[in-house]
Amino acid sequence: MITDHETEALAPLRVGMTTQPIPPPSILVIFGATGDLTHRKLLPALFDLFCDGKLPEGFTVLGYARRQKSDDEFRADLRDSVRLFARHNPGDNERWNKFAAGLYYHQAEFTDPSSCHPLADRLRQLDAARGTQGNRLFYLATAPEFYASLVTQLGDARLNSQDHGWARIIIEKPFGVDLMSAHKLNRHILSVFDESQIYRIDHYLGKETVQNIFAFRFANTILEPIWNRNYVDHVQVTAAESVGVEERGGYYDSAGALRDMMQSHLLQLVSLTAMEPPVSFDATSVHDEKIKVLRAICEMKGMDIDQMAVRGQYGAGQNLAAYRDEPRVARSSTTETFAALKLRIDNWRWAGVPFYLRTGKRMPRRATEIRIMFKPVPHPLFAQEVARGIEPNVLAIRIQPDEGIHLKVAAKEPGQTNQLRDVRMDFYYKTAFGGAPGEAYETLLIDTMRGDSTLFNRKDEVEAAWSLITPILEYWQNTAPTDFPNYAAGTWGPSAANDLLARDRRQWHNP
Ligand SMILES: NC(=O)c1ccc[n+]([C@@H]2O[C@H](COP(=O)([O-])OP(=O)(O)OC[C@H]3O[C@@H](n4cnc5c(N)ncnc54)[C@H](OP(=O)(O)O)[C@@H]3O)[C@@H](O)[C@H]2O)c1
């Protein structure tokens, strides 16, 4: 057993950490409960919350899917997934049995228009048995084509009602495939649920380091004065994946990097980095500031897109197959597996400060990072040979892996010399707080139970992001790429992405 004293030595900031109040009991209905998302992310996250004592007494999961299964079979399947993907081990029978007693399964067909009526009966029975007080969370962990009809069915069965307890709906990404489809989906959901009941997930927002952008920016006086065009030269956001499309070729080939990553995760990171301080940390104030950033980003049109956007697709390299040879990918696919954008934010704070974004598959390593690249000093006191290789200050916010924040500064080498060297001041979550931060889904699930939508997307944010991305999607659809594949698997993307920055006398900094 580790004493408090030892904990402090190992992870000094862990001692004295606060805990949040436990939310009221509820039933989480997962549509698509036999699927990959439920098994790899949702149930492991719930088990970890349970083990950390964060779930309320009586909390219940009702899995909803097509195949026949008893409650016990459902529990046994989930135990296997929890063993593989949770932080805690379900090997302890007493702990697992207590958690599993709250897991139930409901077999039904999404396409049956009346399937939510028997569901309503089942929920009433569970409320009585488990003391969940009529509080319901509906999680659409299904293919997007089912979102609209499931929402209709929930409304028909009056499961949107908040007469006895609350009703909330969680909608997975992708939310639409372009501006028009996102708008249509929003309109439909809003015809059944109120905006305050809707939680549109972008799991990046649940990541500890992403939330820490708020704290870092707005709880430290030293940063705010320099967080603007006077001191910042430009910003780079990289979300690199080392994997290819894995088993998702079917989905990915109709989506591509722009839809899959740029519209959601990367634009979220930009809006958090660039937003003004909200008046408070309630959901409305935060969303109000984030949307202003998205609205201030200049839309790209027509030929601009050739200058400010780059697409790529990986070919074979380092013994890895080309994208077009991946399973369930068309042999002549023109889907981009890499995208880079140069964004201009037309507002007082950021005028003239470009934000360069890039994301890609089959890059040399998995890393997501925001780099704030500061301007060089106004007057170089150190002779060039002394400061050779020294770059202006960089603040890197590492979202994954090795979550942390690093500041690069110039320092003098020791001894009788004036030679300078870049040094890093590092903050790692793992070493400071002990252990890697919890999974994003843990934070997001508990927030929905508490009714806190700060880390979710509001209707206007989703649509504003689509309105920036849709013209690029359309332009690319109408001008087929002639050079695909244009980067080798295991490299940092096509040379055109380097040219995008080289034209501005800058270069990418690889995380
Ligand atoms: N997987 C991830 O890591 C991940 C990450 C981010 C977002 N998402 C999003 O999350 C959603 C779910 O993804 P997934 O990977 O979990 O999908 P999946 O593995 O294909 O699972 C689909 C689920 O839907 C059920 N289902 C399909 N058709 C049905 C029908 N007609 N009636 C009843 N149930 C039906 C399946 O039940 P049966 O098995 O019984 O047929 C299964 O439980 C998608 O929108 C995806 O884009 C997934």
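Please read these numbers as outputs of a predicted model, since none were measured by experiment.

**As for the sheet that holds strand β3 (residues 103-107)**
Read across the sheet, six strands follow the order β3-β2-β1-β4-β5-β6 without closing on themselves; strand pairing throughout is parallel. One side of each edge strand has no neighbouring strand; the edge strands of this open sheet are β3 and β6 (198-200). Averaged over all pairs of adjacent strands, the angle between strand axes in this sheet comes to 20°, irrespective of strand direction. By the bridge criterion, five bridges tie strand β1 (residues 27-31) to strand β2 (residues 60-65) in an arrangement that is parallel. Looking at the pairing, F31 lines up with Y64 of β2. Across the sheet, helix α6 (residues 147-156) is in contact with β1, β4 (136-140) and β5 (167-171); its angle to β4 comes to roughly 160°.

**Considerations on the nonpolar core**
Among the nonpolar cores identified, the biggest contains 143 residues, and F31, L46, Y139, F355 and L445 are the most heavily contacted of them. Split by domain, this core shows at least three residues from each of two domains, domain 1 (22-172) and domain 2 (205-372 + 439-502). Not counting residues within four places of it along the chain, the set of residues in contact with L46 comprises L28, L55, F59, V61, F99, L445 and M449.

**What about the site of the ligand?**
Not every one of the 21 residues close to the ligand is listed here, only the nearest: T34, D36, R67, E109 and T142. Note that a nitrogen atom of the ligand is positioned 2.7 Å from one of the side-chain N or O atoms of D36. Side-chain polar atom of Y147 to an oxygen atom of the ligand: 3.2 Å apart, as the coordinates give it. In isolation the ligand has 900 Å² of accessible area, and contact with the protein removes 78% of it. Per-element tally for the shell around the ligand: the top contributor is helix α2 (residues 36-51), with three residues.

**Describing unusual backbone geometry**
Residues K173 and P174 are joined by a peptide bond in cis, for which omega reads 5°. Looking at the element boundaries, P174 is found in the loop between β5 and α7 (179-190). Along the chain, F484 connects to P485 via a cis peptide bond; the corresponding omega equals -5°. You can see P485 is positioned in the loop between α15 (459-478) and β16 (487-488). Phi is positive for R362, close to 55°, though the residue is something other than glycine. Note that R362 resides in the loop between β11 (355-360) and β12 (367-374).

**What to know about helix α14 (residues 440-450)**
Counting buried positions along α14 yields 10 of 11 residues, so the element is predominantly enclosed. Every buried residue of α14 is listed here: A440, Y441, E442, T443, L444, L445, I446, D447, T448 and M449. Where α14 ends, the next residue or the one after it, G451, has phi of about 80°, a positive value.

**A look at the pattern of salt bridges**
What the rule picks out here adds up to 37 salt bridges. For R200, the salt bridge identified is with E195, shortest N-O distance 2.8 Å. In this structure, K408 engages E391 in a salt bridge whose closest nitrogen and oxygen atoms are separated by 3.3 Å. With K408 in strand β14 (residues 404-412) and E391 in the loop between β12 and β13 (394-400), this residue pair connects regions lying 17 residues apart in the sequence. Look at the salt bridges and you will find they share partners, linking D48, D52, R87 and E442 into a network.

**Considerations on the packing of aromatic side chains**
Following the criterion strictly, the structure yields 23 aromatic pairs and no others. Measuring from ring centre to ring centre gives 6.4 Å for F31 and F138, while their planes differ by 40°; the resulting arrangement is tilted. Of this pair, F31 sits in strand β1 while F138 is found in strand β4, placing the two residues 107 residues apart along the sequence. We note that F31, like F138, is buried.

**So, the side chain of E336**
Along the chain, E336 falls in the loop between β9 (314-315) and β10 (338-343). Here the side chain of E336 touches L258 through a polar contact of 2.9 Å, landing on its backbone nitrogen. When near neighbours in sequence (up to four residues on either side) are disregarded, E336 contacts Y252, A255, G256, A257, L258, R259, R311, G312, W476 and F484.

**With respect to the sheet that holds β14**
Read across the open sheet, the eight strands follow the order β8-β10-β11-β7-β12-β13-β14-β15; overall the sheet is mixed. Each edge of the sheet is formed by a strand with only one pairing partner; in this case those strands are β8 (309-312) and β15 (420-428). Strand-to-strand twist of the sheet, defined as the mean angle between neighbouring strand axes without regard to direction, takes the value 15°. Strand contacts of helix α8 (residues 208-218): β12, β13, β14 and β15, with the helix running at about 145° to β13, the strand carrying the most contacts. Lying on the sheet, helix α10 (residues 257-274) is in contact with β7 (232-240), β10, β11, β12 and β13; it crosses β11 at an angle near 145°.

**Some points on the domain arrangement of the protein**
Under the domain assignment, the protein is made up of domain 1 (22-172) and domain 2 (205-372 + 439-502). Once you take the C-alpha centre of each, domain 1 and domain 2 turn out to be 31 Å apart. Contacts between the two partners involve 22 residues from domain 1 and, on the opposite side, nine residues from domain 2. Inspection of the region where domain 1 meets domain 2 yields two salt bridges. Across the pair E439 and K41 runs a salt bridge, and its minimum N-O distance is 3.6 Å. For the interface between domain 1 and domain 2, the tally reads four residue pairs in polar contact (both at pLDDT 80 or more). The set of elements that each furnish at least two residues to the side of domain 1 that touches domain 2 consists of α2, β4 and β5. For the side of domain 1 that touches domain 2, the leading source of residues is α2, giving seven residues.

Cut-off values and rules
- Residues numbered from 1 in each chain as written.
- Predicted model: local features only at pLDDT ≥ 70, side-chain atom pairs only at ≥ 80, totals over all residues.
- Heavy atoms only, no water.
- Pairing = 2+ DSSP bridges.
- Helix = DSSP H or I, 4+ residues; strand = E, 2+ residues; numbered from the N terminus.
- Axes fitted to C-alpha atoms, helices over the stretch in contact; angles between N-to-C directions.
- Contact = heavy atoms within 4.5 Å.
- Core = buried A, V, L, I, M, F, W, Y, C linked by side-chain atoms within 4.5 Å.
- Buried < 20%, exposed > 50% of the residue type's maximum accessible area, 1.4 Å probe, protein only.
- Domains from an automatic or database assignment.
- Near = heavy atom within 4 Å.
- Polar contact = N/O pair within 3.5 Å; in protein donor to acceptor, adjacent residues only side chain to side chain.
- Areas by Shrake-Rupley, 256 points an atom, 1.4 Å probe, with all protein chains shown as cover.
- Salt bridge = Lys/Arg side-chain N within 4 Å of Asp/Glu carboxyl O.
- Phe/Tyr/Trp six-rings, centres within 6.5 Å; stacked < 30°, edge-to-face > 60°.

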